[in-house]
Amino acid sequence: MKFRYKVLFTNLILLSLGLGLVGYLMIHKNFELAKQTQLKNAIVQNNLVQSSVEYELLQLLNSVSDNSETSNNNTDNNNAEKSSISASSIAAQLPQIGSRVSSSVRSRDSFFYIYFDGEKVYTDDKSDARISDTLFKNLTTGNKNYVIKEESQKHYIYVTSQSVIDEKNLWIVSKCDASEAYTLLDEQINYFRLIIIVILIAESAAMYFISRYMTKPLEKLNHVSEEIAQGDYATRVNVKSHDEIGLLAQKFNIMAQAVSDHVDELNDMVHRREQFVADFTHEIKTPMTSIIGYADTMRSLELPREEQMMALGYIFSEGKRLESMSQKLFELIYLRRHDIEKARVHMADLCAEVVKVVEPAYENRHLTIETEIEDTVLTVNRELLVTALVNLMDNARKASEEGQQVEVTGKFVDNMACNIPKDKTDIGEAESADDRKCTRAYEICIIDHGIGMTKEQAERICDEFYMADKSRARKEGGAGIGMSLVAIILEHHNAVLSVESEPGCGTTMRILLPW
């Protein structure tokens, strides 16, 4: 079931329960008030009948008393006989008294019964309904009993009162129609049902469109998630609300972007791995072909001494290139999987060591090295940083023509980026504000005035086995791994390498080390 329907049905159930409870309480309260009103009217009617009957009896007793006073010979036997006659006279006169009271106080839909000494002596109710015995139980003078009965699809209230006449119980039972309260109850129930139906229909329509509007962003999320599951990682959710759903959409887009970036990284890693295998195979094949060819020539033919030495020279140089390649590959793999140890090192001494290492090769090319090093102490791995700088100096030598000069400088710079992500080295890219984490950095620049590179070549310079000028690099014994090794070493030092180059104008390699 869709979420919108769950919201709709939940609201309908809660609204139905709420309206039902409120309606029940209100209808019940109104019914009780109407019933109490009917009961009060019945009690008033009973009081009226009782007082009228008692008044008629009082008049009768007074007239009998007056006649007794005028008679002669008032003896005890006569008194006893008079009492007997008075009780029977009362019983005989009650139907006439009831008839007179009925004609004077009786109202529409109200009746009464007169019981004297437990016997019914009068009623104006033609139905002559049977009176329940509960009306007479525990009945005392001054109190009243009542009961509600249903007769012929009508409801009546029976109210009983008691008087004592000559030590005999006189019961007045009034019967009043209370159907109006029950009719009102039925009308309210039917009207409330109609209102409930109308409200639920209107609320269903309103809640359907509201829930559909509220869940529309969730449907967009679901649709986008399906597209992403099918491989379209560029799809994003376009939800601009500022509530929890909008926040969820924003987080979903962030997650989708992270997934997309991760997939791109994996694809790039796979591509780099395939390219690495292809380049490595190619780089191994070239020297091996030369070695096998020259060795086969020397084995098959009798060559002059000079040609033998030339062939042995090719074999030796290609073998040294293979050795250099394997050594750098080992260092590259090792550095990618292990951390390095660092110590405090004087940068002037370190740069002097680098110059000393590359100086013989520079002298062979008649190149000069100009140094301007500002000494300071940094926490680095001396051997690895020397290896990185030697590689950069060697690249500068290979790119320079005879007689040119290579400059090496080291100095402090302010407000420069000195921190990079651990998964890449920025080459020729502008640093963002988030990267400017150090207020000071130590900058090492290696500047040559050689052949230079294009922007595309500079961006790929740290790829394994990439060579901007393959023929020149192979002639100089390069394997295309040196700059990859430099990038890994600088990454371990949390440093930034940037390349500024222009074809025909030279190249500037700038290293920013955190201080």
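Throughout, a residue's number is its position along its own chain's written sequence, starting from 1. Where local features are concerned, this predicted model is filtered to residues with pLDDT of at least 70; where side-chain atom pairs are given and counted, the filter is 80 or more; whole-chain, interface and lining totals use all residues. No hydrogens and no water enter the side-chain calculation; it runs on all heavy atoms of the structure.

Asker: How should I be thinking about the nonpolar core in this particular structure?
Answerer: Taken as a class, soluble globular proteins show a tendency for nonpolar side chains to be buried jointly. The definition of a nonpolar core used throughout is a set of buried Ala, Val, Leu, Ile, Met, Phe, Trp, Tyr and Cys residues joined through side-chain atoms within 4.5 Å. Exposed residues in this analysis have more than 50% of their type's maximum accessible area, buried residues have under 20%, and partly exposed residues fall in between, with area computed by a 1.4 Å probe over protein chains only. Counting residues in hydrophobic clusters, the biggest one holds 41 residues, and the most contacted among them are L350, L389 and I511. Those elements that provide at least two residues to this core are α6 (347-364), β8 (377-380), α7 (382-399), β9 (405-414), β10 (440-448), α10 (482-492), β11 (496-502) and β12 (506-514). No other element matches the nine residues that α7 contributes to this core. The contacts of L389, once residues within four sequence positions are left out, are L350, V354, I444, I446 and I511. Ranked by size, the runner-up nonpolar core spans 15 residues in total, among them I90, V101, I114 and I172. Think of it this way: any DSSP run of H or I at least four residues long counts as a helix, any run of E at least two long counts as a strand, and we number them from the N terminus. Contacts are assigned to residue pairs that have any heavy atoms within 4.5 Å of one another.

Asker: Help me understand helix α3 (residues 179-229), please; the structure alone is not making it clear to me.
Answerer: One turn of the α-helix equals 3.6 residues, which is why residues spaced by three or four share an orientation. Helix span, as expected, comes to 1.5 Å for every residue beyond the first. Here α3 spans 70 Å end to end across 51 residues, near enough to the 75 Å set by a 1.5 Å rise per residue. Consider a residue and the seven residues that end there alongside the seven that start there; fitting an axis to each set, the bend is the angle between those axes. Roughly 40° is the biggest bend found in α3, and it falls at T215, with proline P217 one to four residues downstream. One or two residues past the end of α3 sits G231, with phi positive at roughly 110°.

Asker: Which parts of the structure should I look at to understand the pairing of β10?
Answerer: Each regular strand carries side chains that alternate between the two faces of the sheet. Here β10 lies mainly inside the structure; seven of its nine residues are buried. Note: β9 against β10, eight bridges, orientation antiparallel. Bridging across to β10, G410 finds its partner in I444. Should DSSP find at least two bridges between two strands, the strands are regarded as paired. Inspection of the sheet shows β10 paired to β12 by eight bridges, in the antiparallel sense. Within β12, the position partnered with C445 by the bridge is R510.

Asker: Teacher, can you tell me more about the packing of aromatic side chains here?
Answerer: Where two aromatic rings form a pair, the distance of their centres and the angle of their planes describe that pair. Pairing of aromatic side chains requires ring centres within 6.5 Å, counting the rings of Phe and Tyr and the six-membered ring of Trp. Pairs whose planes differ by under 30 degrees are stacked, by over 60 edge-to-face, and all others tilted. In total, this model carries seven aromatic pairs according to the counting rule given. Ring plane angle 25° and centroid distance 4.5 Å describe the contact between F136 and W171, whose orientation is recorded as stacked. In this pair, F136 sits in the loop between β2 (119-123) and β3 (144-151) while W171 sits in strand β5 (residues 168-177), placing the two residues 35 residues apart along the sequence. Assigned by exposure class, F136 and W171 land together as buried. Ring plane angle 85° and centroid distance 5.5 Å describe the contact between F412 and Y442, whose orientation is recorded as edge-to-face.

Asker: Explain α10 here, please?
Answerer: Of all 11 residues making up α10, nine are buried, and the element is well covered by its neighbours. If you check which residues of α10 are buried, you get G482, M483, S484, L485, V486, A487, I488, I489 and L490. Positive phi shows up at N494, right after α10, with a value of about 60°.

Asker: Please clarify how the side chain of S52 should be interpreted in this entry.
Answerer: Take S52: it is sitting in helix α1 (residues 3-70). Residue S52 is classed as buried on the basis of its relative accessible area of 16%. Identification of polar contacts relies on pairs of N or O atoms within 3.5 Å, with a donor-acceptor requirement for protein atoms, meaning one able to donate a hydrogen and the other able to accept it, and with residues adjacent in sequence counted only if both atoms are side-chain atoms. Within polar-contact distance, the side chain of S52 engages the backbone oxygen of L48 at 2.8 Å.

Asker: Help me out: how do you make sense of the sheet that holds strand β4 (residues 154-165) in this one?
Answerer: The strands making up a sheet are joined through hydrogen bonds of the backbone, oriented either antiparallel or parallel. The sheet built from five strands is open, its strands ordered β2-β1-β5-β4-β3 with antiparallel pairing. Edge positions in the sheet fall to β2 and β3, since each of these pairs with one other strand and no more. Across this sheet, the average inter-strand angle for adjacent strands is 25°, counted without regard to direction. Across eight bridges, β3 lies against β4 in antiparallel orientation. Across the sheet, the residue bridging to Y146 is V159, located in β4. Orientation is described by lines fitted to C-alpha atoms, with helices fitted over the stretch in contact, and by angles between N-to-C directions that extend from 0 to 180 degrees.

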